[in-house]
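# Survey of secondary and tertiary structure
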Amino acid sequence: MKLGVFIERDGVLNQVRVERQHQVSPLTLEEFKVNTDAAPLLKQLKAAGLTLIVTTNQPGISRGYLMRRELDRMHDLMRRSLPIDDILVCAHDETDHCPCRKPQSGLFVEAGYKWRLTLDRSFVISDKWQDAEAARAVGCTSLLLKSPWIGSAHHDFVLPNLSAVVEKILHLRAGVPALAV
Ligand SMILES: [Zn+2]
């Protein structure tokens, strides 16, 4: 049984600007600041055998103000800076009505197929309610970082920081009997 941890990108693994109570995603590599403090914490999750999948809504691509090549450069930097296995992007706008824009669960389902993950034993880390909603739809356990964006929809845990989230996942993981892969 392979388990995944789906991690929201903006605000968790890289810094974001906040304007009028909304997070603004970086548009250039120059603006893109990876939270390198996350690296040792993610290493602990990797050491526990978890597959780390970064997911992100980037509607700027569909809307035309974020260039795909620039996004690829940002994600190359993130892959070099953090021990992650994959980065999955929804490039659509709300008006595209795609199945992958969170709170839809399409990115989790896609990663589940690609990496053969047992979704209902996997975990989601985010600072936003949309990830908790997507987690609920596919049976993942959601762990939210305390933030102005967690809303009041269902979530499993709210914790003060990434260190506490990782500790909680390792604790929950230890309660799952190891099965042959
Ligand atoms: Zn999409």
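The paragraphs below set out a description of the structure included in this document. Only a predicted model underlies this, so the values are computations on that prediction, with no experimental measurement involved.

### Focus on the coordination of the zinc ion
On the protein side, the zinc ion has Cys90 (SG), His92 (ND1), Cys98 (SG) and Cys100 (SG) as donor atoms, found 2.0 to 2.3 Å from it. All donors of the zinc ion come from a single chain, and their spacing in sequence reads C-x1-H-x5-C-x1-C. There is no split in this pair, since cysteine 90 and cysteine 98 are both buried.

### Notes on the pattern of salt bridges
In this structure the tally under the stated criterion is 14 salt bridges. Close ionic contact of aspartate 131 with lysine 102 constitutes a salt bridge, the shortest N to O distance being 2.8 Å. On the criterion of sequence distance, the pair formed by aspartate 131 in helix H5 (residues 129-138) and lysine 102 in the loop between strand S5 (86-90) and helix H4 (106-115) is long-range, its members being 29 residues apart. Each of the two residues, aspartate 131 as well as lysine 102, counts as buried. The partner of arginine 136 in a salt bridge is glutamate 133, and the shortest N-O contact between them spans 2.6 Å. Linking arginine 136 with glutamate 133, this pair stays in helix H5, spanning three residues, or about one helical turn. Among the residues examined, arginine 136 registers a relative accessible area of 45% and is labelled partly exposed.

### Notes on the layout of surface pockets
By volume, the largest pocket amounts to about 640 Å³. Where the lining of the largest pocket is concerned, the elements lending two or more residues are strand S3 (22-24), helix H2 (60-63) and H5. Class assignment of the residues belonging to the lining of the largest pocket gives a composition of eight nonpolar, seven polar and eight charged.

Procedures and definitions
- Residues numbered from 1 in each chain as written.
- Predicted model: local features only at pLDDT ≥ 70, side-chain atom pairs only at ≥ 80, totals over all residues.
- Heavy atoms only, no water.
- Donors = N, O, S within 2.8 Å, 3.2 Å for Na, K, Ca; no water.
- Buried < 20%, exposed > 50% of the residue type's maximum accessible area, 1.4 Å probe, protein only.
- Salt bridge = Lys/Arg side-chain N within 4 Å of Asp/Glu carboxyl O.
- Helix = DSSP H or I, 4+ residues; strand = E, 2+ residues; numbered from the N terminus.
- 1 Å grid on protein atoms, 1.4 Å probe; cavity = no way out; pocket = protein on both sides within 12 Å on 5 of 7 lines; lining within 4 Å.
- Points joined across faces, edges and corners; volume = space filled by probe spheres on them.
- Nonpolar A, V, L, I, M, F, W, Y, C, P; charged D, E, K, R; others polar.

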